Amino acid sequence: MKIILSVLAALPLAGCMTGKAEFAAMEGKLTPMRLEKAKAVCRMRLRDSDANQIMAYGASNQFSLIDDASDCFAAQGIRLKGWRQDNGMLTRYPVKPLTKMAEKSLVVPE
């Protein structure tokens, strides 16, 4: 299974993926050029992480890749805020909460 991490806005997670990634600058202003540069650096790093996970475990863990992506963006001075869902909720991962308990664990306080 090949995962494309172009914008990190959509990862295949059991058909439950949704939302659009939102970013914010840790310092200064978030410009499109700055965001594209960070995406390029993180895309390269995450491709390696994905390949390593597939070799080691036979599949990749998309949740750990999202956490790695968040760390990579932070190293570039950009914060991955989360994924904006159809109902306006901001969630930590790009999945629709399926139960109330899952919803509580996935929602990011704004």
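Procedures and definitions
- Residues numbered from 1 in each chain as written.
- Predicted model: local features only at pLDDT ≥ 70, side-chain atom pairs only at ≥ 80, totals over all residues.
- Heavy atoms only, no water.
- Helix = DSSP H or I, 4+ residues; strand = E, 2+ residues; numbered from the N terminus.
- Buried < 20%, exposed > 50% of the residue type's maximum accessible area, 1.4 Å probe, protein only.
- Contact = heavy atoms within 4.5 Å.
- Polar contact = N/O pair within 3.5 Å; in protein donor to acceptor, adjacent residues only side chain to side chain.
- Phe/Tyr/Trp six-rings, centres within 6.5 Å; stacked < 30°, edge-to-face > 60°.
- Pairing = 2+ DSSP bridges.

Caption draft 1: Expanded view of the environment of Tyr-93. Residue position: Tyr-93 is located in the loop between strand 3 (90–91) and helix 3 (100–106). The exposure class of Tyr-93 is buried, given its relative accessible area of 13%. Note: C-alpha distance between Tyr-93 and Val-107 (14 residues apart in sequence) is 8.6 Å. Apart from the residues lying within four places of it in its own chain, the contact partners of Tyr-93 are Phe-63, Ile-66, Asp-67, Trp-83, Gln-85 and Leu-106. A polar contact of 3.0 Å, which involves the side chain of Tyr-93, links it to the side chain of Asp-67.

Caption draft 2: Quick look at the packing of aromatic side chains. Across all of its chains, the model carries two aromatic pairs by this definition. Plain terms: the ring middles of Phe-23 and Phe-73 are 5.0 Å apart, the flat faces sit at 45° to each other, and that makes the pair tilted. With a gap of 50 residues between them, Phe-23 in strand 1 (residues 20–25) and Phe-73 in helix 2 (residues 62–75) connect regions that are remote in the sequence. Judged by its relative accessible area of 1%, Phe-73 is buried. Between Phe-63 and Tyr-93 the ring centres are 4.7 Å apart and the planes differ by 90°, which places this aromatic pair in the edge-to-face class. In this pair, Phe-63 sits in helix 2 while Tyr-93 sits in the loop between strand 3 and helix 3, placing the two residues 30 residues apart along the sequence.

Caption draft 3: Quick peek at the pairing of strand 2 (residues 78–84). Bridging between strand 1 and strand 2 involves six bridges; their strand directions are antiparallel. Note that in strand 2 the partner of Lys-20 across the bridge is Arg-84. In this structure, the hairpin formed by strand 2 and strand 3 is closed by a connection of five residues, where Gly-88 is found at a positive phi of approximately 95°.

Caption draft 4: Looking closely at the sheet that holds strand 1. Spatial strand order, 1-2-3: three strands in an open sheet with antiparallel pairing. Both outer strands of the open sheet, strand 1 and strand 3, are each paired with one neighbouring strand and no more. Relative to strand 3, strand 2 is paired through two bridges, and the arrangement is antiparallel. Residue Arg-84 lies in a different strand from strand 3, and its bridge partner there is Leu-90.

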